[in-house]
Each structure stands twice: as C-alpha cells, then as structure tokens.
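# Secondary and tertiary structure notes
Read off the chains here:
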Amino acid sequence: MHLQRLHIERIRNLKGVELTQLQPFNIFYGANGSGKSSILEAVHILATGRSFRTNLVKQYIQHSELDGLVYAEATHYRLGLQKFASGEQLIRLNGDTVATQSELAKLLPIQLIDPDTISLLDTGSKPRRQLLDWLMFHVEHEFHGLWLRYQRALKQRNNLLKHPLGDQKLWLQSIQSWEHGLAEYGELIDGLREKVMRQWQPLFEHYRQQLLPQIDITLAYLAGFDREQGLAASLVQHRNKDMDRATTQHGPHRADLRLKTPLGLADEVLSRGQKKLLMVALKLSQIHLLQDLNKETVVLLDDFSAELDDTAQGRLLSTLAGLNSQVFITTLNGSAVQKMQDVLSVPAAVFEVSNGQVQPQPFSDN
Ligand SMILES: Nc1ncnc2c1ncn2[C@@H]1O[C@H](COP(=O)(O)OP(=O)(O)OP(=O)(O)O)[C@@H](O)[C@H]1O
C-alpha cells in the first residue's frame, strides 16, 4: 500500500506535520536533530504500534503533551493511531475504531533499514526470529493466530514450571495438557516457517549475489527443537531440566536463522558495511516475496548513506523502485538528494526538515 497523505501531531519535535501528494520515493533532509527520523518513527508507530527507538510511549510523545497522533491515507484506506502517555491507544481504520494493531499492520507491511539494522545479526536470536516472523505474519494468514495460541500455552507451561502445585498428580495433568497445545501449535508454526523459508531462500540468494557477489552466504532455519524427535516428545524429555531453569527451552519460540559464510558465521567474519548489505539483502528478498503476493511494502531508510558506498546506495534505490515499494528516506544534506536524483527513475518528493517543520522542495526529475 502506498500512502498518499501523512499527518503527524505531537510526536517528538513534530508539532503538526501535514504531507500531501506523497510519492513512491519521499526524501527528507535536514540538520541533526531537525526531526527527520521522527517522521519515519511516526510511520513505524502507525504500522506496528511501536517505535523503533524506544519501548516507552512517553519518550516519543512530545514533552508535556498527553498524546501523539499519526494519520495516513491511501487509495482505499484511512489509518489512524493515537497513543496516550497513559498507555492507552485508539486505533482507527476507515473511520471505525478497531481493537487490535494487527489490523493496521496487515495493511501496512513496513521494513526499516537504519544504522542499527546490523545489530540484528549480533544481538542474539530474537531479532533474527522477528525478521522471519515479519515474513510469516504477512505471508501466512494463520500464523498470527497460531502464534498467539502458542504464546498462551507457553506462558501457562512456564508458570507451572515455576510454581509446581502441591498436588503432583494435578500438576502433571495440567502441564501435560498445556504441552499438548504447545506441541500442536508449535508443529504447525514450524511447518509454516519451513514452507516460507523455502520461498525466501532462493530470493535471498538472488539479492545476496547482487549486493555481496564475492561472499557465499547461506541462510538456514533452525526450528528451536529437535524436529526428528518432535516437539511433544522433546517437551516431555526436557521437562525436568526446564523445571530447573523455570522456563521452556525448546520450541519454535527458540527458532533462529543461521547466516553462514565459508569462513564462519556472518556476524563473526563480515565487516560492518558487509553486514549492512547482508541485512539489506535479507530485507529486499522479503519485500520481493510480498511483492509476488501483490503486497507493497513501505520502506523506511533512516540515515540512508551510513555505511553504504555509492554503488550500493544506487543499487538499493533502483531495486526498491523495481519492487514497487514506497520509500521514506532521511539524509543529512542536499548533496545526497542530488545523488539520489541521478539514480531514481520513479517519482519522488523532497522535503526539508527544520526544527520539527517540514517543507516540500522541488525535485527536478518529477
Ligand atoms: N519527546 C520529545 N518531545 C519533544 N522533542 C523531542 C522529544 N524527543 C526528542 N525530541 C527532540 O526532537 C528531535 C528529534 O530529532 P530526530 O531524531 O528526528 O532528528 P534527525 O533529524 O533524524 O537527526 P539526526 O540526523 O541527528 O539523526 C531532536 O531535536 C530531539 O531533541
């Protein structure tokens, strides 16, 4: 989905931003602290309910305000999200209040590429699992519901592991019943993940060859449990150890992606720039997969030129244009805008950001 209009109020230093006639490419330039990333942050909050910079709503709502608001229009949809400092939120779709953020998330697939993107490789399995599950959420409709049921069963089992009941028999019956649910949903989740991985891997290889032609990198999926044994048997086998650690250590919640080069794991051998290109290849291949299903992704490219050389920047822009993505880009200065102009063959809008105010600027190739 391409956004045509964006309205932001009381997010960070953005008091009242009204952007109309958004284009496939939207470039925001301005000095440090002017508010560029906050615009991307607002789009991210609208699409996912979360900021990519903080988990605390109060931090992104403007100082001394009680709420922040993001509203966007596309051809068939009007999406709105109001976040209150109290923790409450109001989610609206086409004028109606909706109960869950996932209604907006489904409509607005969003990918962020920023200087922190490479930490996905370095900081444990969770962000890698989230990367896979972004794809799962948008490609496999049953995934989200299964995941919620799995999480519920997992929470119950973990509670029982932490607090063994006095009545052993009752405790055993309870834990067995939650394990039954965990195994059922977990096997289904694993099957769906494996199916999506089969679609994703060749696309990843395609973008890896484009962006990192000199380095072989394989993308593999680790289920988080012994698939030959099966999750039901694995839960029974590890029950005592799980009790010692008071948590469930095997299952799809422990799944991971392994990125391997001939010299070792990608996070151990690649340079920062190469890591960024690898992450970009992973994300572009995901966007491609959605595009094959007629879903357009909104891409947030924060601090665009960080760590990418001119060739990589040019390739990234033209690939995104080919994927029908709508792109929001931030960059520090006008000269970078000029460079983008030379590469882009699709309509673009340029905005200057200064002290939380956003002004449209001419873009000569429009
Ligand atoms: N809750 C808040 N209320 C008001 N202003 C805030 C709040 N949080 C941060 N700010 C200010 O808003 C601005 C946000 O800037 P932002 O991070 O969007 O800048 P940027 O243009 O992306 O800068 P850079 O190029 O340095 O990354 C900063 O000046 C910051 O001090």
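As the structure is a prediction and not an experimental result, all values here were calculated from the model. Think of each chain on its own: its residues are numbered from 1, step by step along the sequence as written. Side-chain atom pairs in this predicted model are given and counted only at pLDDT of 80 or more, local residue features only at pLDDT of at least 70, and totals for whole chains, interfaces and linings cover all residues. Only hydrogens and water are set aside; all other atoms, that is, all heavy atoms of the structure, feed into the side-chain values.

UniProt positions are given in the numbering used here, feature names are shortened, and annotations may be inferred rather than shown by experiment. Look at the UniProt record and you will see "binding site: ATP" (unreviewed entry) annotated at Gly30, Ala31, Asn32, Gly33, Ser34, Gly35, Lys36 and Ser37. Within the annotated group, the residues that form the lining of the second largest pocket are Asn32, Gly33, Ser34, Gly35, Lys36 and Ser37. Structurally, asparagine 32 can be placed in the loop between β3 (25-29) and α1 (36-48). Along the chain, serine 37 falls in helix α1. The contacts of serine 37, once residues within four sequence positions are left out, are Phe52, Arg53, Asp302 and Thr330. For cavity detection a 1 Å grid was placed over the protein atoms alone, and a set of points counts as a cavity when a 1.4 Å probe fits there but cannot get out; an open set counts as a pocket when protein lies on both sides within 12 Å along at least five of seven lines, with lining residues being those that have an atom within 4 Å of a point. Secondary structure is summarised from DSSP: a helix means a run of H or I of at least four residues, a strand means a run of E of at least two, and numbering begins at the N terminus for each. Should any heavy atoms of two residues lie within 4.5 Å, those residues are considered in contact.

Let's shift gears to the side chain of threonine 261. Among the structural elements, threonine 261 can be located in strand β10 (residues 256-261). Think of it in three bands: with a 1.4 Å probe and only protein chains considered, a residue is buried below 20% of the maximum accessible area for its type, exposed above 50%, and partly exposed in between. On the basis of relative accessibility, which here comes to 8%, the residue threonine 261 falls in the buried class. Dropping the residues within four chain positions of it, threonine 261 is found in contact with Ile215, Asp216, Ile217, Ala266, Val269 and Leu270.

Looking at where asparagine 26 falls in the secondary structure, it is placed in strand β3. Setting aside residues up to four positions removed in sequence, asparagine 26 forms contacts with Gln326, Val327, Phe328, Ile329, Ala349 and Phe351.

By the criterion of burial, strand β13 (residues 326-331) is predominantly enclosed, with 6 of the 6 residues buried. What you see with β13 is no split at all: Gln326, Phe328 and Thr330 on one side and Val327, Ile329 and Thr331 on the other are buried throughout. Here a strand pair is declared whenever DSSP counts at least two bridges between the two strands. Judged from the 5 bridges that link them, β3 and β13 form a sheet pairing that is parallel. Residue pairing for β13: phenylalanine 28 is matched across the bridge by threonine 330.

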